[in-house]
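Residue-level structure breakdown
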Amino acid sequence: MPDYKEIRVNTVPAYTVTIGPGLLKDCGPRLREVIPPCHMAVVTDSTVGPLYLETVTESLKAAGYAVSAYEFPAGEESKNVSTLSDILEFLAKERLTRSDCLIALGGGVAGDMAGFAAAVYLRGVRYVQMPTTLLSAVDSSVGGKTAIDLRAGKNLAGAFLQPAAVLCGTDCLNSLPPAVFAGGAAEAVKTGVLCDEGLFALFEDGTLKADPAEVIARCVEYKAGVVERDEKEQGERKLLNLGHTVGHAIEKCSGYSIPHGHAVAAGLAVMARAAERLNWTNGAIAKRICACLGKLSLPVSTEFSPEALAEAALADKKRSGGSITLVVPKRIGLCELKTVPVTELLPVIRAGWEA
C-alpha cells in the first residue's frame, strides 16, 4: 500500500488533500469514503484526457459510479466564457443533479473550468480536484478559488467553492514536459519565499525532483492554513499573489502564449528587484531568488516594457479603486502586503524591470 500524505483543510465544508502515487487508479474507492455512488462528470482537456481519462473512468465505474466526460481543447485560451457555457450545457444534457459531482482532471485550467462550472450549475454542486501538473498540485487545486479569463484580463470572473476532496497522484508528474514541470516549480518557489526559507532551500539543492511529494505537501500545508484563516481573500490570503500582479500582466501582454508559471517567475523576479532597490527589504534577496529561478529554467525578466505591464496590471482584480495591493518580499520566508496608489505602480515596475 502506497504511503500517502494527507492534509486536512478545515474550511466549511472541510476536505482532505491526499498526495501520493497511484491515486488516479485508486480514485474510485478513495472517493467512496466521502461521496456515495452518484453520477460523476469528469471535465478534462485534450492533453490530459488521452493520458488518464480511461484510468479514472474504470476506477470510478468499478466503485459504483456512473461516469460521463467532457473534454475541451487544452490551453489557457480555453479558459473563457465560451468553454464554460459548453460545459454547463453538457452537464444539463447529462441531467446532473445536486446529488451528483464534477471531477476536475488536469492542470490549473481544468481545475478552474470544472470548479467554476460546479459553483454555478444548479447554484452549486460538489466537485473533486484531481491535479495532474505540479502547478495545480502545489497551488490551484487547493483553496476553492475558481475563475475564467475575460478579454480585459485574467481571472476576472469566478467564484469561491471548496472541493469535496483533492487527489494528487504524484506519478502524473512523470508525464510532464520539462517546461510544464518548471512552470509548477515557480509556484512552489513562491511558497518558499512566502513562508519557509527551508522550503526555498529545497529548490536550491534539487530536492524538488528527488521528492516532489514532500515539496507538494509542504506547499499544501502552508496554503491550507492561509485558506482556513482567510478563505475569501480579505487579508492574509492576498499574500499568495506574490509575483502575480506583474505575472498576470505578462500573460495578458503575451496573449497568454507565456505559461502562467513562467510569467509568475518573471513577476517574482521583478518584485524582488523592485523591493530591494526601493529599500523595502531586510537585505539582499533578488540575486538569490533569481539564481534559484534560473536553476529551474525559469525566466527572471520580460521583454514587455514597464509601461505595457503597468497598463495591463491596472485591470487586475487586486486593484481597489485608486490603489493596488502588492506583495513585497522582505526576506526569504517573510513577505508583507503593501497598498500603493495606482500612480506608483509604474515606478515600482520600472525599479524591478530588466530586459
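Residues numbered from 1 in each chain as written. Predicted model: local features only at pLDDT ≥ 70, side-chain atom pairs only at ≥ 80, totals over all residues. Heavy atoms only, no water.

1. A closer look at the packing of helix H11 (residues 260–277) against helix H14 (residues 345–352)
For the record, the criterion: Here the axes come from fitting lines to C-alpha atoms, over the contacting stretch only for helices, and the angles between their N-to-C directions go from 0 to 180 degrees. A helix here means a DSSP run of H or I that spans at least four residues, while a strand means a run of E at least two residues long, and both kinds are numbered starting from the N terminus. Put simply, angles under 35 degrees are roughly parallel, angles over 145 are roughly antiparallel, angles from 65 to 115 are roughly perpendicular, and the rest are oblique. Contacts are assigned to residue pairs with any non-hydrogen atoms lying within 4.5 Å of each other. Under the grouping applied here, Gly and all other residues not named as nonpolar or charged are polar, the nonpolar ones being Ala, Val, Leu, Ile, Met, Phe, Trp, Tyr, Cys and Pro and the charged ones Asp, Glu, Lys and Arg.
Taken N-terminus to C-terminus, the directions of H11 and H14 make an angle of 100°; their axes are 7 Å apart at the nearest point. Put simply, H11 runs roughly perpendicular to H14. Along the contact surface, H11 presents Val270, Met271, Arg273, Ala274 and Arg277, while H14 presents Val348, Ile349, Ala351 and Gly352. Of the residues belonging to the contact of H11 with H14, the class tally is 6 nonpolar, 1 polar and 2 charged.

2. As for the sheet that holds strand E11 (residues 323–331)
Rules: By the convention used here, strands pair only if DSSP detects at least 2 bridges between them.
One open sheet holds the 3 strands; their spatial order is E10-E11-E12, and the pairing between them is antiparallel. Only two strands of the sheet have a single neighbouring strand rather than two, namely strand E10 (319–320) and strand E12 (334–341). Pairing of E11 with E12, which is carried by 8 bridges, proceeds in the antiparallel orientation. Following the sheet pairing, leucine 326 is matched in E12 by lysine 338.

3. Focus on the sheet that holds strand E4 (residues 66–72)
Taken in spatial order, the 7 strands of this open sheet run E1-E2-E9-E6-E5-E3-E4, and their pairing is mixed. Strands at the two margins of the open sheet, each flanked by one partner only, are strand E1 (5–9) and E4. For this sheet, the mean inter-axis angle between neighbouring strands, taken without regard to orientation, is 15°. One ladder, built from 4 bridges, connects strand E2 (residues 15–20) with strand E9 (residues 165–169); its direction is parallel. The partner of isoleucine 19 across the bridge, within E9, is cysteine 168.

4. A short note on the environment of valine 193
Test applied: For every residue, the accessible area obtained with a 1.4 Å probe (protein chains only) is divided by the maximum for its type, and the residue is called buried under 20%, exposed over 50%, and partly exposed between those limits.
Topologically, valine 193 is positioned in helix H6 (residues 178–195). According to the relative accessible area criterion, valine 193 is buried, its value standing at 0%. Dropping the residues within four chain positions of it, valine 193 is found in contact with Phe200, Leu242, Leu268, Ile289, Pro329, Arg331, Ile332, Gly333, Leu334 and Cys335.

5. Considering the pattern of salt bridges
Where we set the bar: Whenever Lys or Arg places a side-chain nitrogen within 4 Å of a carboxyl oxygen from Asp or Glu, that contact is recorded as a salt bridge.
Using the criterion set out here, one finds 20 salt bridges in the structure. A salt bridge links aspartate 139 to lysine 190, with the shortest nitrogen-to-oxygen separation between them at 3.7 Å. With a gap of 51 residues between them, aspartate 139 in helix H5 (residues 134–140) and lysine 190 in helix H6 connect regions that are remote in the sequence. As far as burial versus exposure is concerned, aspartate 139 and lysine 190 are alike and both buried. The residue glutamate 354 makes a salt bridge to arginine 273 at a minimum N-O spacing of 3.8 Å. In this pair, glutamate 354 is assigned in the segment after H14 and arginine 273 in helix H11, connecting sequence segments 81 residues apart. Residue glutamate 354 is classed as partly exposed on the basis of its relative accessible area, which comes to 33%. Of the residues examined, arginine 273 reaches a relative accessible area of 6% and is grouped as buried. Here the salt bridges share partners, and the residues they tie into one network are Glu76, Lys79, Asp112, Asp149, Lys154 and Glu251.

6. Details of the packing of aromatic side chains
To be explicit about the condition: Working definition: rings of Phe, Tyr and Trp (its six-membered ring) pair if their centres are within 6.5 Å, and the pair is stacked with planes under 30 degrees apart, edge-to-face with planes over 60 apart, and tilted otherwise. Distance and angle both matter: a charge sits over a ring if NZ of Lys or CZ of Arg is within 6 Å of the ring centre and within 35 degrees of the ring normal.
Overall, the coordinates contain 1 aromatic pair when judged by the stated rule. Pairing tyrosine 70 with phenylalanine 90 gives two aromatic rings, centres 5.4 Å apart and planes at 45°, and the pair type is tilted. Here phenylalanine 90 lies in helix H3 (residues 81–93) and tyrosine 70 lies in strand E4, a separation of 20 residues in the sequence. Taken individually, tyrosine 70 and phenylalanine 90 each receive the classification buried, so the pair is uniform in this respect. Positioned over the ring face of tryptophan 280 is lysine 338, at 4.9 Å from the centre of the ring.

7. Topic: H11
The following threshold applies: By this rule the span expected of a helix is its residue count minus one, scaled by 1.5 Å.
Its 18 residues give H11 an end-to-end C-alpha distance of 26 Å, which sits within 8% of 26 Å, the value for a rise of 1.5 Å per residue. Within H11, 16 of the 18 residues are buried, which leaves it mostly tucked inside the rest of the structure. Phi for asparagine 279, located one or two positions after H11, is positive at around 60°.

8. What about the pairing of E4?
Selection rule: With the strands pointing away from the viewer, any crossover whose connection runs clockwise from the first strand over the helix to the second is right-handed.
In terms of strand pairing, strand E3 (residues 39–45) meets E4 through 7 bridges, oriented parallel. Bridged to aspartate 45 within E4 is phenylalanine 72. For the crossover that starts at E3, traverses helix H2 (residues 49–62) and ends in the parallel E4, the hand is right-handed.

Nothing here speaks to function; it is all geometry.
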